[in-house]
Amino acid sequence: MATAAATSASEPEAESKAGPKADGEEDEVKAARTRRKVLSRAVAAATYKTMGPGWDQQEEGVSESDGDEYAMASSAESSPGEYEWEYDEEEEKNQLEIERLEEQLSINVYDYNCHVDLIRLLRLEGELTKVRMARQKMSEIFPLTEELWLEWLHDEISMAQDGLDREHVYDLFEKAVKDYICPNIWLEYGQYSVGGIGQKGGLEKVRSVFERALSSVGLHMTKGLALWEAYREFESAIVEAARLEKVHSLFRRQLAIPLYDMEATFAEYEEWSEDPVPESVIQNYNKALQQLEKYKPYEEALLQAEAPRLSEYQAYIDFEMKIGDPARIQLIFERALVENCLVPDLWIRYSQYLDRQLKVKDLVLSVHNRAVRNCPWTVALWSRYLLAMERHGVDHQVISVTFEKALNAGFIQATDYVEIWQAYLDYLRRRVDFKQDSSKELEELRAAFTRALEYLKQEVEERFNESGDPSCVIMQNWARIEARLCNNMQKARELWDSIMTRGNAKYANMWLEYYNLERAHGDTQHCRKALHRAVQCTSDYPEHVCEVLLTMERTEGSLEDWDIAVQKTETRLARVNEQRMKAAEKEAALVQQEEEKAEQRKRARAEKKALKKKKKTRGPEKRGADEDDEKEWGDDEEEQPSKRRRVENSIPAAGETQNVEVAAGPAGKCATVDVEPPSKQKEKAASLKRDMPKVLHDSSKDSITVFVSNLPYSMQEPDVKLRPVFEACGEVVQIRPIFSNRGDFRGYCYVEFKEEKSALQALEMDRKSIEGRPMFVSPCVDKSKNPDFKRKTWRPGEVFRYSTSLEKHKLFISGLPFSCTKEELEEICKAHGTVKDLRLVTNRAGKPKGLAYVEYENESQASQAVMKMDGMTIKENVIKVAISNPPQRKVPEKPETRKAAGGPMLLPQTYGARGKGRTQLSLLPRALQRPSAAAPQAENGPAAAPAVASPAATEAPKMSNADFAKLFLKK
């Protein structure tokens, strides 16, 4: 190899220049650095030669320019000087970065970007052996992209010399074509195989590669043409009479497939063939042209769209699924996955089609394997993979190894680990022959159950602070298997005892599940024991458990059993009712405190209002006297801002002004300004308000009127300033600004147009900046008729502008610095996927609030962005990133909904921050209880329905807990 030659040439020179023994280590280090530079330059030269436009596969040596570079490197090794020290700092920096990346990969081997960066740096440093190892490790974990494979292949091709090296390159090509369907890699494979035609079996190898390439991507409408042409050129180069028929066959096969530039291929065939084109070939060609017209809209949509083009590919897939050609369906799935390899739903749909339709073992398992390598964090893909392996009879050892890989895949939720364990345990259960008392498979199943419980308790709970299995579903399944299939009730009872000790003893449905298992496979004694324990422990629905116990004793128990059951149920229910009474008293006390506080606030407001009214009714003489006294003592004091504002907003009348001298300018001259006394200013404002003509709103003009709000309060003459803004939309009839009692502008107005289309066009000006504030423009709507209408968040065709539900493709970012711009944040977010929309949240004044919403192309990109950006530091601010899931907007309860039939208004229920808890039940004594018409539903499972309520009971008005508490306190 050229690299090896350059290295060997430099080594003796370094040895001959070695100094004394004391300096030997230093020289050896320098020589090693220079060898790395030689290797680096060899890789760069080989890559350029491989990827350059004039590359010739027959040329295996090194050009003169490359030789000169090697000579420079060798001479630099023998005499280190300026050239040597020029790269020392960069080399040390790269070496430190390589060590950091290797350490990072030892911690998390699934860091994709870390693998890519390590390969790039090792290749730059010329560490060829380490580059190969790094690429090999990455290819074992992740499928490599087309660019990474071509770079690897070009490096290996440039250094391949003998037959063993060529076989190694062939193996790399075989791995590359299995990751994704890439026409460029197949074309490289075919061209490289042509170089080995002189070896034994070389001709058959070339034809085999090209035939496989045509089977894989020959139907590709835009890139398949290059493979057909390359294959034909190869066959045409072989000058044999028998090969002419082979070229004829290739032309005919290609013309029967809908491909771009088919017309040029047909013309080429007519020119090449000495005989006329057969009629059958022409018919197939015309049929392919017709098919091409059907496919063109979808291909053109792909050409016009930008990557990853998921929606365009999905539409194309739907079209192919309707036609039903398996080869074309498989091809379009593969094309879509090249650009959307991180979309789990696409892999699930593809694998589901193969599982149900094609059912070809090698193809199905290959797709499942690639799916979990691309999206290892998706538990559904691993579960489907295990099922597919079991379905196609894969060896048990291979399935176990795949399951271990799934455990190390790094799922993002604790429940994902429960799901993968359930899938594996179901597989082990299906392997067991339960007709035998004991078997190797049964022992393996029990050991797996034990390991699953330990894994969830230690590994998962330590990572997520929860086991992911609060209801102990895995233990319940184990208990059912032991009871029903192994007839081992003793083990099943031990498991249920463990389930109850893990916080499930307070749930009625858990006890009833255990009771049903005892009824089916146990005995009456253990059923009675389980129900007695349930009566004492259940806290959510004790009445239901008591009812089940009494029903069993009524049908099977003795008189003594009945008496014991009645005594225990009555004691338990009395204790429960007592607890509920105490809770009702506490709640009533809280309600009473709130009422007292509300009453105090109401009295304070009334007193304040009365005091204000009393001040207003004071005589003008007294007020004038007070003001004169104050003026006598405060002539030199600065005028208060509130008084100054009233003066500025007042409109003086003729003959009612007084002269006040105000100093103006450095010359000491005084200007006379007419200012009214405050009492007269207030009277003039009131009279002005009375004299101001009131414009009644005409609801018939709502269609040609828009409501404009959030305008600056300091805007002078808003009708004059806003008219040119809205006249751009059409002729403005009138602008009606709204003023306060003092004549101040209140920040909103109505704009009436002559035509309705002008009003609709004006709505597009919503959020336009006016004097530094975003102006809100919305339709003129009567809110009494449409109470759900929100002006601030209005958009055409919707009540609320932004979604209030969970959006897995959108991120919510908090903690942003106020100086962060939209462009800066978008640049950061673009590194993790395609950003469709980005919105910085601002207040009414247009100032940022440090919050943002970022919408990505799909869920996988959003998930990757959360993992990479959460905790990131931006301008010394640590941001928090999460999937967008806004809290539910509280809708105010209407008064009429709280009124009972013919009764007083009821107080609204108040719950905690997490909503209604399990203990917030109806706190009503049994003496006042009436059967409910609807069956209660347990939070962690269904409960049995109680007896149906009578019509009289359902017609009675319902009472809340607060109402009952008031009745109880009055007694």
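The present account deals with the structure reproduced in this document. Quantities reported herein were computed from a predicted structural model and do not represent experimental measurements.

Considering helix α24 (residues 473–485)
The α-helix winds at 3.6 residues per turn, so residues separated by three or four positions along the chain end up facing the same way. Its 13 residues give α24 an end-to-end C-alpha distance of 17 Å, which sits within 8% of 18 Å, the value for a rise of 1.5 Å per residue. Here α24 has its buried residues at Ile474, Met475, Gln476, Trp478, Ala479, Ile481, Glu482 and Ala483. Where α24 is buried, its residues meet α22 (414–431), α23 (440–464), α25 (489–504) and α26 (508–521). Following α24 by one or two positions, asparagine 487 adopts a phi angle in the positive range, close to 55°.

Thoughts on the sheet that holds strand β4 (residues 732–739)
The strand order across the open sheet formed by five strands is β4-β5-β3-β7-β6, and the pairing between neighbours is antiparallel. Of all the strands in the sheet, just β4 and β6 (768–770) have a single pairing partner and so form its edges. Strand-to-strand twist of the sheet, defined as the mean angle between neighbouring strand axes without regard to direction, takes the value 30°. For β6 and strand β7 (residues 773–779), the ladder comprises three bridges, and the chain directions are antiparallel. Looking at β7, one finds that serine 769 is bridged to proline 774. Sheet strands in contact with helix α33 (residues 718–726) are β3 (705–709), β4, β5 (745–753), β6 and β7, and its direction is about 140° off that of β4.

Looking at the pattern of salt bridges
Enumeration according to the criterion identifies 44 salt bridges in this entry. A salt bridge links arginine 207 to glutamate 235, with the shortest nitrogen-to-oxygen separation between them at 2.9 Å. You can see arginine 207 sitting in helix α11 (residues 202–217) and its partner glutamate 235 sitting in helix α12 (residues 224–237), a full 28 residues away along the chain. Residues arginine 207 and glutamate 235 agree in their burial class; the two are buried. Of the charged contacts in the structure, one is a salt bridge between glutamate 807 and lysine 810, with a shortest N-O distance of 3.4 Å. For glutamate 807, a relative accessible area of 14% puts it in the buried group. By relative accessible area, which is 13% here, lysine 810 ends up buried. Three or more residues joined by partner-sharing salt bridges are found here, namely Arg123, Arg135, Glu151 and Asp155.

Comments concerning a positive patch on the surface
Positive charge collects at one region of the surface, where Lys597, Arg601, Lys602 and Arg605 lie side by side. Looking at the secondary structure, you find lysine 602 in helix α29 (residues 559–616).

What counts as what
- Residues numbered from 1 in each chain as written.
- Predicted model: local features only at pLDDT ≥ 70, side-chain atom pairs only at ≥ 80, totals over all residues.
- Heavy atoms only, no water.
- Helix = DSSP H or I, 4+ residues; strand = E, 2+ residues; numbered from the N terminus.
- Expected span 1.5 Å × (residues − 1).
- Buried < 20%, exposed > 50% of the residue type's maximum accessible area, 1.4 Å probe, protein only.
- Contact = heavy atoms within 4.5 Å.
- Pairing = 2+ DSSP bridges.
- Axes fitted to C-alpha atoms, helices over the stretch in contact; angles between N-to-C directions.
- Salt bridge = Lys/Arg side-chain N within 4 Å of Asp/Glu carboxyl O.
- Patch = residues over 30% accessible without salt bridge, like charges linked within 9 Å, V, L, I, M, F, W, Y side chains within 5 Å.
- Areas by Shrake-Rupley, 256 points an atom, 1.4 Å probe, with all protein chains shown as cover.
- Lys, Arg positive; Asp, Glu negative; His and termini not counted.
- Charge placed at Lys NZ, Arg CZ, Asp CG, Glu CD.

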